[in-house]
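Descriptive analysis of the structure
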Amino acid sequence: MGAKFASIHVYDPEKKMTDEQFKTAYLDELHDIEKELQKRCVTFHNLFGEIVTQETKDKLRGIVAAEHDEVIFSNSGDWHSAFDRNYTFETIEDAALSVSQIVNQPVFYATLYDDDIFMFGVCREGRRVTRQIQIGFFASRAYGIKREAADAKAFCQQLNLKNTSFVEKLCKQKNHRRSIEMIERLLGISIWEV
């Protein structure tokens, strides 16, 4: 097993949100305990065909609450960040899209799965602006995902980046470790861990 992480970052140079407002908005949108509990009860019922007992609900509530507590928040310069192990390459983009609908700011997301799938992108107002997928041969065959290069111009516009040649190099990069280093240098944030 290789390295894994998932993070979502809101670009907020004008300080429209406090750290606490970001944390509250993030948790309310992505980790509302009761809303998530209801989804899991429905899934449980659909999978097993059983009525969900109060005991099962209590266990599920405990699992959801533990996930809620696993999110680590930080602030670095113009960025509000959430490091959230609850997401993977399959779910991170939908989470970032949801956050981008409520914060009205550009949202950058990144995820690494098993050192074989690295994905990052930018969302705004509930839509994907651009994304990049770097994937190894075996993961490509296993998951049916294809490589995708980000649009350097869109990336620069959304995040107010001036070093376009550096962003173009990032968008052509195929090595995920090098990409992570480039992103962290470019944005001035840690995308892996705080």
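What this report covers is the structure whose coordinates are included nearby. (Residues numbered from 1 in each chain as written. Predicted model: local features only at pLDDT ≥ 70, side-chain atom pairs only at ≥ 80, totals over all residues. Heavy atoms only, no water.)

The next point concerns the side chain of Q132. Residue placement: Q132 occurs in strand β6 (residues 127-135). The exposure class assigned to Q132 is buried, which follows from its relative accessible area of 1%. Those residues within four positions of Q132 in sequence are excluded, and the remaining contacts are F118, M119, F120, E148, A149, A150, L170, C171 and Q173. (Helix = DSSP H or I, 4+ residues; strand = E, 2+ residues; numbered from the N terminus. Buried < 20%, exposed > 50% of the residue type's maximum accessible area, 1.4 Å probe, protein only. Contact = heavy atoms within 4.5 Å.)

Glancing now at the pairing of strand β3 (residues 79-83). With respect to burial, β3 is a largely interior element, five of its five residues being buried. Taking every second residue as pointing to the same face, both faces of β3 are buried, with W79, S81 and F83 on one and H80 and A82 on the other. Note: strand β1 (residues 5-11) against β3, five bridges, orientation antiparallel. Note that in β3 the partner of I8 across the bridge is A82. Sheet analysis places strand β2 (residues 72-76) next to β3, joined by five bridges and oriented antiparallel. By the bridge assignment, I72 is partnered in β3 with F83. (Pairing = 2+ DSSP bridges.)

Here the focus is the sheet that holds strand β5 (residues 117-124). Read from one edge of the open sheet, six strands run β2-β3-β1-β4-β5-β6, paired in antiparallel fashion. Two strands lie at the open edges of the sheet, namely β2 and β6, each paired on one side alone. Strand after strand, the sheet turns through a mean of 15 degrees between neighbouring axes, direction not considered. Docked against the sheet, helix α6 (residues 152-159) engages β1, β3, β4 (107-113), β5 and β6, running at close to 55 degrees with respect to β5. (Axes fitted to C-alpha atoms, helices over the stretch in contact; angles between N-to-C directions.)

Applying the stated rule across the entire model yields 14 aromatic pairs. With a centroid separation of 5.0 Å and an interplanar angle of 45 degrees, the aromatic rings of Y11 and W79 are classed as tilted. With Y11 in strand β1 and W79 in strand β3, the pair connects residues that are 68 residues apart, well separated along the chain. With a centroid separation of 6.0 Å and an interplanar angle of 35 degrees, the aromatic rings of F108 and F120 are classed as tilted. Here the residue F108 occupies a position in strand β4, and F120 occupies one in strand β5, the gap between them amounting to twelve residues. Pair check on accessibility: F108 and F120 agree, each one buried. (Phe/Tyr/Trp six-rings, centres within 6.5 Å; stacked < 30°, edge-to-face > 60°.)

Quick look at the side chain of Q158 now. Residue position: Q158 is located in helix α6. With residues near it in sequence (within four places) discarded, Q158 still touches Y11, P106, V122, R124 and V129.

With that settled, consider unusual backbone geometry. In this structure, K15 is a non-glycine residue whose phi angle is positive, near 55 degrees. Here K15 lies in the loop between β1 and α1 (19-30). Since its relative accessible area comes to 46%, K15 is described here as partly exposed. Even without glycine at this site, N160 takes up a positive phi of about 55 degrees. Its location among the elements puts N160 in the loop between α6 and α7 (164-172). The partly exposed category is assigned to N160, whose relative accessible area is 47%.

In short, geometric facts, not functional conclusions.
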